[in-house]
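One-letter residues, chain by chain:
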Amino acid sequence: MANRYWCAECSFKTPWLEKSEGLRRQIEHYARKHPGTSPGGQVETRRLGPRARNGGLLLAAAALIVFTTIVAAWCH
């Protein structure tokens, strides 16, 4: 699961990150840009992890290679 944290005071948002890293970056942003203000805003959540973005493409490429190998073996 990945989260993206939005600042309640400005347009800052973190990239899609694991929960602990997103919270850390949000806290650092508030300390730097809005000192004395408690961190707030929205948290956006998605089911896929931050590194799972290209998983579907990799799976499709692997399936194509397997299919091509089977067809090539069947034709010879």
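The structure displayed is predicted, hence computed values, not measured ones. (Residues numbered from 1 in each chain as written. Predicted model: local features only at pLDDT ≥ 70, side-chain atom pairs only at ≥ 80, totals over all residues. Heavy atoms only, no water.)

> So, the overall build of the chain: which residues are in play, and what are the values?
Within the chain, the regular secondary structure consists of two helices and two strands. Overall, the chain shows an N-to-C arrangement of helices and strands of β-α-β-α. Expressed as a percentage of its 76 residues, the buried residues of the chain come to 20%. Taking the intrachain contacts of the chain between residues at least 6 apart in sequence as the baseline, contacts between residues at least 24 apart amount to 48%. Carbon together with sulfur atoms contributes 63% to the accessible area of the chain, which is approximately 6000 Å² in total. (Helix = DSSP H or I, 4+ residues; strand = E, 2+ residues; numbered from the N terminus. Buried < 20%, exposed > 50% of the residue type's maximum accessible area, 1.4 Å probe, protein only. Contact = heavy atoms within 4.5 Å. Areas by Shrake-Rupley, 256 points an atom, 1.4 Å probe, with all protein chains shown as cover.)

> Tell me about the pattern of salt bridges, residues and numbers included.
Per the stated rule, a full pass over the model turns up four salt bridges. A salt bridge links arginine 24 to glutamate 21, with the shortest nitrogen-to-oxygen separation between them at 2.5 Å. Residue arginine 24 and its partner glutamate 21 are located together in helix α1 (residues 19-33), separated by three residues, close to a single helical turn. In this structure, arginine 25 and glutamate 21 form a salt bridge, with 3.0 Å as the shortest nitrogen-oxygen distance. Taken together, the residues arginine 25 and glutamate 21, both in helix α1 and four residues apart, mark about one turn of the helix. We classify glutamate 21 as partly exposed; its relative accessible area is 24%. Salt bridges here are not isolated pairs; linked through shared partners, they connect Glu21, Arg24, Arg25 and Glu28. (Salt bridge = Lys/Arg side-chain N within 4 Å of Asp/Glu carboxyl O.)

> Now, about the pairing of strand β1 (residues 2-5): what can you tell me, with residues and values included?
On a regular strand, each side chain points to the face opposite its neighbour's, so the side chains alternate between the two faces of the sheet. Burial along β1 is two-sided: Ala2 and Arg4 and Asn3 and Tyr5, pointing in opposite directions, are all buried. The pairing of β1 with strand β2 (residues 43-46) spans four bridges and is classified as antiparallel. Bridging from a neighbouring strand, asparagine 3 pairs with threonine 45 of β2. (Pairing = 2+ DSSP bridges.)

> Let's hear about α1: which residues, and what values?
Between its terminal C-alpha atoms α1 stretches 21 Å, which fits the 21 Å expected from 15 residues at 1.5 Å a residue. Within the span of α1, buried status applies to Gly22, Gln26, His29 and Tyr30. An end-on view of α1 places all buried positions within 95° of arc, on one side of the element. Among the exposed residues of α1, those oriented more than 90 degrees off its buried face are Ser20, Ala31 and Arg32. At its buried positions, α1 is contacted by β1. (Expected span 1.5 Å × (residues − 1). Arc of directions from axis to C-beta.)

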